[in-house]
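Survey of secondary and tertiary structure
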Amino acid sequence: MVITHIKKEIEMEFSAQQIADFLKGSVDGNPDVKVHDFSKIEEGKPGTLTFLANPKYEHHIYKTKASLVLVNTDFKPSEPITATLVRVENAYASLAMLLKLVDQSKERKIGINELAFISEKATVGEDVYIGAFAFIGEGARIGNNCQIYPHVYIGDNVTIGDNCIIYPQVTIYHDCKVGDTCIFHAGSVIGSDGFGFAPMGERYDKIPQLGNVMIENDVELGANTTVDRAVMGSTIIHQGTKLDNLVQIAHNVEVGENTVMAAQVGIAGSTKIGNHCMFGGQVGLAGHIQIGNNVNLGGQAGVGHSVKDGQSLWGSPAFDVRKFKRSTIVFGKLPEMYREINQLRRELDKIKKEFNKE
Amino acid sequence: MVITHIKKEIEMEFSAQQIADFLKGSVDGNPDVKVHDFSKIEEGKPGTLTFLANPKYEHHIYKTKASLVLVNTDFKPSEPITATLVRVENAYASLAMLLKLVDQSKERKIGINELAFISEKATVGEDVYIGAFAFIGEGARIGNNCQIYPHVYIGDNVTIGDNCIIYPQVTIYHDCKVGDTCIFHAGSVIGSDGFGFAPMGERYDKIPQLGNVMIENDVELGANTTVDRAVMGSTIIHQGTKLDNLVQIAHNVEVGENTVMAAQVGIAGSTKIGNHCMFGGQVGLAGHIQIGNNVNLGGQAGVGHSVKDGQSLWGSPAFDVRKFKRSTIVFGKLPEMYREINQLRRELDKIKKEFNKE
Amino acid sequence: MVITHIKKEIEMEFSAQQIADFLKGSVDGNPDVKVHDFSKIEEGKPGTLTFLANPKYEHHIYKTKASLVLVNTDFKPSEPITATLVRVENAYASLAMLLKLVDQSKERKIGINELAFISEKATVGEDVYIGAFAFIGEGARIGNNCQIYPHVYIGDNVTIGDNCIIYPQVTIYHDCKVGDTCIFHAGSVIGSDGFGFAPMGERYDKIPQLGNVMIENDVELGANTTVDRAVMGSTIIHQGTKLDNLVQIAHNVEVGENTVMAAQVGIAGSTKIGNHCMFGGQVGLAGHIQIGNNVNLGGQAGVGHSVKDGQSLWGSPAFDVRKFKRSTIVFGKLPEMYREINQLRRELDKIKKEFNKE
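As the structure is a computational prediction, the values presented were derived from the model and not from experiment.

Further remarks concern the overall build of chain A. Along its length, chain A carries 5 helices and 41 strands. On C-alpha atoms alone, chain A measures out to a radius of gyration of 28 Å, which is more than a quarter above the 21 Å that the 2.2 N^0.38 rule sets for 358 residues. Residues classed as buried in chain A amount to 53% of the 358 residues present. Taking as baseline every contact in chain A between residues at least 6 positions apart, the subset at least 24 positions apart corresponds to 21%.

Structure below.
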């Protein structure tokens, strides 16, 4: 079967006023200036739109060559600006809306490549794309509007909801369940065996991992991220959670809703994590602990104990982020502290000696 | 050729007495209660078997709805328990035995998919499964009873022993050697070039990596784990060693027998590691060092020097685990120590001044 | 089409004198001794050539059974040596030259396997190898002499220069640009979406990542390394840079020329890194910072602020490497320092009391 492309062309030139109207913002400058592309504020070219959300980048706005800049309503320039401004409540979220509009206008593949392998016992929904060399196993169910790229492996009895995008080289082992509108980036692995071994004298005896992985709606997994199947029951990732690249989720872990983890985070077995948490890159969590809701962990934090709702931790081993920062500053002074303690000791001993002499 | 399934059905309902007999344990409660599935102790349902090995979970046993709980012989309940107990020497190992029994009863694929590519100069053993889109290169040898999943790449002149399971998207580069009963999870890479470059003025000149990787019997590699080939000679993983997901083993490393490494550990080039070591997640080892037998490293430990047999280290840079824990506690008190030293200094200077005045 | 092999056989036995002549070095010992293979100095066999570059391995040279050892011109043996020496300016670089010679003599595959999928709208150069199950998308351009291994995915409109080697299971997303003589190891991912989400009440809204990745000439990416595409514009890796396995490069990062990063390093979004930097394993960098040229970072360093040219940092959070080492030594003495401060306090209070009594 031939792969076709559905391309919804949209007009790609807009005036400042049209953009302000679309975003429910206001124009500050020439409302007729037109843009046809995006640019970064430090590299902006005429005819492009850029944005200012992070105050760190404010100095670029006074020099940018971009024609239009999205800014927050409360932005007060400290120098003259050449570009037209569109003031919106949230410049970053407004940018996201515009990017989405452009993204949705792009072509989308549809159809099943004749070089894909689809088991006769698999069920495939409507309007899907299944690329060459994709493998869909027995009893697997793929929902509507899914995009399964080349070289994806979907094991036996896997179910995948609607509107999912599964990029090349993803492996989903047998029996795993995936909700709607999930995105799995290239090389991610779902349902590999948990790391479970029972010591038997000198050797380790493998504990079969008979559970699965359940991923709810609207979850995104980064490239080469791994999520192990449970020894029994399920490893669970709840809806709206986003994991960056090279993250490791061990067996029987449960990650709450709308939690985000930056790249290379590792979560050990059976740990439970709440909703709306934010973990920096390379964070490590021990197994069998409970992390509450709204917990923030700084990059490279190492957490060995359960953490209550709303806490912010840093360090390895991690503790309160403000206290860690203070200890860290003093850490750099340790050699002088050590010398000073020795000096105090010498002086005090001298005084004691003299004092006793009297 | 058609892929067939070998399914060895086993009776899946057992009484407490049958299970106790099989495990050489004893029943404490109703010997006739029947189970047909496994469950986690905190989620246990009637008709299921669970286990208690980690004392941390003891409070669940007094509320579990599971019908049967495997416990260690010396377990003494502190409250009444509804479930029937089966007392065994090692609850975890007994659970593993039961899980294995169930696992072995599951179907196993056999046969070579007609969409696989197998070089005419490759040798394939008996009773193998080779999935669609698997690639077996020239001169490669695959032993008996191996399961090679779709999208596996086995390079030229690779040899693989009997009873290995190689999951999708695994790459084994040319000339590598693999023993019997190994399991390689999805996306793992064996035999990629070691990271070797000679500085040549401004540039780096690649040092060809002409060695290979040798993996002995009974080794398990986690998903997306990488093992680089040696510059000359072999990178070696000895028998019974288990590596979790996203682990990095650099060129010319040698890992001893029955050593276990949790996820995201990284071992730099030419380092040698002994037998029966246990490394926590995200541990990093420098290159060209020697780690003895029975060495334990805590999560995120960073080790830059050789370590003798039997040591337990933690921290980055790592040292004796008990000492590290003590230093860590004091680390949190650094700001108050700093203030106290300054206060001592002021008071001592005042005393010295007054003392000299007299 | 049939895959052919181009094999350029070279004579593989050389005398010490021939090797010295080739390397512009001098013979110290029997110039007629012959070698036909390489070996490690600690495992050297008769008839093999080995090298001594790292002084740590010097003790092996007095016992090695290798027939020939490359050493630096200034090497002064402290004991008698049986092997013949070839003295060269840089033993490691000379070894690299010899290994390269052997490597180039090995066969190279050429031809396009009939099981590859190549879009009719793709352009493929001359003398390429494209393996079975490789996928080349619409509008993609592959340069001359490239080797595209089985299971590689090259997305629509990707361009790849000449003489590149792309190993199995690599994914290159649409629109990415790759220069000449690059090497991408198995499982590496180029162009996956950057990790960008705008908070929308309880949920996160995906920010489409509309940019791409640009990789200049002579870049090597390790196995399972990931490089995300930019939100707009490009994530850039400049020429000559080498990344080891499992490295993470986030969206809009720019890495300078001839920079090397060891395994498992992670760079967060929009950070810019200079030329000739060296990062140890598991280093983590925050987003939106600037790292100068010639910056060295020790293994597991965590860097949250911009760093000037030529600095060497270690620790998490990282600071000057010499200061970090000194603080680290004192860190191990924290418990005794804490006790000593308390002791000083007690003694001082006692003196004050007695002093005031008088």
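Here the narrative resumes.
To continue, consider the relation of the copies chain C and chain B. Of the transformation placing chain C onto chain B, the axial shift is 0.0 Å and the rotation is 120 degrees, giving an RMSD of 0.0 Å. In short, the pair behaves as if placed about a three-fold rotation axis.

Here we take up the pairing of strand 24 (residues 203-206) of chain A. All names here are of chain A. Taken together, the 4 bridges between strand 23 (residues 197-200) and strand 24 define a ladder with antiparallel strand orientation. Following the sheet pairing, Pro199 is matched in strand 24 by Tyr204. The hairpin formed by strand 23 and strand 24 contains 2 residues between the paired strands, and Gly201 there has a positive phi angle of roughly 65 degrees.

Here we take up the pairing of strand 8 (residues 84-88) of chain A. Residues and elements named next belong to chain A. Among the 5 residues that make up strand 8, 4 are buried, leaving the element largely enclosed by the rest of the structure. Note that strand 3 (residues 26-28) and strand 8 share 3 bridges and pair antiparallel. Within strand 8, the residue paired with Val27 across the bridge is Val86. The sheet contact formed by strand 7 (residues 68-72) and strand 8 spans 5 bridges and is parallel.

Domain boundaries assigned for chain A yield domain 1 (14-105), domain 2 (109-322) and domain 3 (329-358). Here domain 1 of chain A and domain 2 of chain A have C-alpha centroids that lie 36 Å from each other.

We now examine helix 1 (residues 16-23) of chain A. Residue and element names in this part refer to chain A. Regarding helix 1, the residues found buried are Ala16, Ile19, Ala20 and Leu23. Seen end-on, helix 1 carries its buried residues on one side only, within an arc spanning 100 degrees. Check the buried side of helix 1 and you find it contacts strand 2 (14-15), strand 3, strand 7, strand 8 and helix 3 (91-105). Two residues or fewer after helix 1 comes Lys24, characterised by a positive phi angle close to 60 degrees.

Below, the discussion takes up the sheet that holds strand 22 (residues 189-192) of chain B. Residue and element names in this part refer to chain B. The 10 strands are arranged 10-13-16-19-22-27-30-33-36-39 in an open sheet whose pairing can be described as parallel. Edge strands, defined here as strands with exactly one partner in the open sheet, are strand 10 (117-118) and strand 39 (302-303). Strand direction decides the pairing type here: strand 33 (residues 266-267) and strand 36 (residues 284-285), joined by 2 bridges, are parallel. Bridge pairing in strand 36 places Ile267 opposite Leu285.

The next point concerns the sheet that holds strand 13 (residues 135-136) of chain C. Residues and elements named next belong to chain C. Strand order in this open sheet of 10 strands is 10-13-16-19-22-27-30-33-36-39, and the pairing throughout is parallel. Strands with a single pairing partner mark the edges of an open sheet, and in this sheet they are strand 10 (117-118) and strand 39 (302-303). Inspection of the sheet shows strand 19 (residues 171-172) paired to strand 22 (residues 189-192) by 2 bridges, in the parallel sense. The residue bridging Thr171 from the neighbouring strand is Val189, located in strand 22.

What follows covers the interface of chain A and chain C. Listed by partner, the interface residues are 53 residues for chain A and 53 residues for chain C. Looking at the side of chain A that touches chain C, the elements with two or more residues in it are helix 3, helix 4 (321-331) and helix 5 (334-357) of chain A. Sorting elements by how many residues they give to the side of chain A that touches chain C places helix 5 of chain A first, with 10 residues. Of the residues belonging to the side of chain A that touches chain C, the class tally is 27 nonpolar, 17 polar and 9 charged.

The next thing to look at is the packing of helix 5 (residues 334-357) of chain B against helix 5 (residues 334-357) of chain C. Remark: helix 5 of chain B packs on helix 5 of chain C, axes separated minimally by 11 Å, with the N-to-C direction vectors making an angle of 30 degrees. Between helix 5 of chain B and helix 5 of chain C, the crossing angle belongs to the class labelled roughly parallel. Our pair here, helix 5 of chain B against helix 5 of chain C, has a crossing hand that is left-handed. Only Tyr338, Ile341, Leu344, Arg345, Leu348, Ile351, Lys352 and Phe355 of chain C of helix 5 of chain C make contact with helix 5 of chain B, whose side of the interface consists of Met337, Glu340, Ile341, Leu344, Glu347, Leu348 and Ile351 of chain B. Looking at the contact of helix 5 of chain B with helix 5 of chain C residue by residue, the classes come out as 11 nonpolar, no polar and 4 charged.

Another point: the interface of chain C and chain B. Between chain C and chain B, the residue contacts involve 53 residues of the former and 53 residues of the latter. If you list the elements that add at least two residues to the side of chain C that touches chain B, you get helix 3 (91-105), helix 4 (321-331) and helix 5 of chain C. In terms of residues, the side of chain C that touches chain B owes the most to one element, helix 5 of chain C, which gives 10 residues.

Here we come to the nonpolar core. Of all hydrophobic cores here, the largest spans 223 residues; its most connected members are Ala134 and Ile148 of chain A, Ala134 and Ile148 of chain B together with Ala134 and Ile148 of chain C. It is strand 25 (residues 212-215) of chain A that provides the largest number of residues to this core, a total of 3 residues. Residues within four places of Ile148 of chain A in sequence aside, it is in contact with Val128, Tyr129, Ile130, Gly131, Ala134, Ile142 and Ile166 of chain A.

Turning to the packing of helix 4 (residues 321-331) of chain B against helix 5 of chain C, a few remarks are in order. Where helix 4 of chain B contacts helix 5 of chain C, the two axes come as close as 8 Å, and the packing angle between them is 50 degrees. It follows that helix 4 of chain B is oblique to helix 5 of chain C by the angle criterion. Seen from helix 4 of chain B, the contacting residues are Arg326, Ser327, Val330 and Phe331 of chain B; seen from helix 5 of chain C, they are Leu334, Pro335 and Tyr338 of chain C. For the contact of helix 4 of chain B with helix 5 of chain C, the class distribution of residues is 5 nonpolar, 1 polar and 1 charged.

Turning next to the confidence of the model for chain A. With 97% of its residues at a pLDDT of 70 or more, chain A has an overall mean of 94. Predicted complex, confidence summary: ipTM 0.93, pTM 0.94.

Turning to unusual backbone geometry, a few remarks are in order. A cis geometry characterises the amide bond from Ser316 of chain B onward to Pro317 of chain B, with omega recorded as 0 degrees. Along the polypeptide, Pro317 of chain B turns up in the loop between strand 40 (312-314) and strand 41 (319-320). One non-glycine residue with positive phi stands out, namely Asn163 of chain C, at about 60 degrees. The exposure class assigned to Asn163 of chain C is partly exposed, which follows from the 19 C-beta atoms found within 10 Å.

Before going further, it helps to spend a moment on helix 3 of chain C. With 15 residues, helix 3 of chain C should reach 21 Å at 1.5 Å per residue; the first-to-last C-alpha distance of 21 Å fits that figure. The complete set of buried residues in helix 3 of chain C reads Ala91, Ser94, Leu95, Ala96 and Leu99 of chain C. On its buried side, helix 3 of chain C packs onto strand 23 (197-200) and strand 24 (203-206) of chain B together with helix 1 (16-23), strand 6 (48-52), strand 7 (68-72) and strand 8 (84-88) of chain C.

A separate point is the environment of Asn144 of chain B. All names here are of chain B. Checked against the element boundaries, Asn144 lands in the loop between strand 14 (141-142) and strand 15 (147-148). A C-alpha to C-alpha distance of 21 Å links Asn144 and Tyr173, two positions 29 residues apart in sequence. Leaving out residues up to four positions away in the same chain, Asn144 has contacts with Gly125, Glu126, Asp127 and Asp162.

So, on to the environment of Ile289 of chain B. All names here are of chain B. Along the polypeptide, Ile289 turns up in the loop between strand 36 and strand 37 (290-291). A C-alpha to C-alpha distance of 51 Å links Ile289 and Gln18, two positions 271 residues apart in sequence. Not counting residues within four places of it along the chain, the set of residues in contact with Ile289 comprises Thr271, His305 and Ser306.

Right, let's get into the environment of Asn342 of chain B. Tracing the chain through its elements places Asn342 of chain B in helix 5. As a C-alpha pair, Asn342 of chain B and Glu202 of chain B span 140 residues in sequence and 49 Å in three-dimensional space.

What counts and how
- Residues numbered from 1 in each chain as written.
- Chains lettered and ligands numbered in written order.
- Predicted model: local features only at pLDDT ≥ 70, side-chain atom pairs only at ≥ 80, totals over all residues.
- Helix = DSSP H or I, 4+ residues; strand = E, 2+ residues; numbered from the N terminus.
- Rg over C-alpha atoms; globule rule 2.2 N^0.38 Å.
- Buried ≥ 20, exposed ≤ 12 C-beta atoms within 10 Å, placed from the backbone.
- Contact = placed C-beta atoms within 7 Å.
- Least-squares fit on C-alpha atoms with pLDDT ≥ 70 in both.
- Pairing = 2+ DSSP bridges.
- Domains from an automatic or database assignment.
- Arc of directions from axis to C-beta.
- Nonpolar A, V, L, I, M, F, W, Y, C, P; charged D, E, K, R; others polar.
- Axes fitted to C-alpha atoms, helices over the stretch in contact; angles between N-to-C directions.
- Parallel < 35°, antiparallel > 145°, perpendicular 65-115°, else oblique.
- Left-handed = near helix turned anticlockwise from the far one by under 90°.
- Core = buried A, V, L, I, M, F, W, Y, C linked by C-beta atoms within 7 Å.
- pLDDT = per-residue confidence, 0-100.
- Expected span 1.5 Å × (residues − 1).

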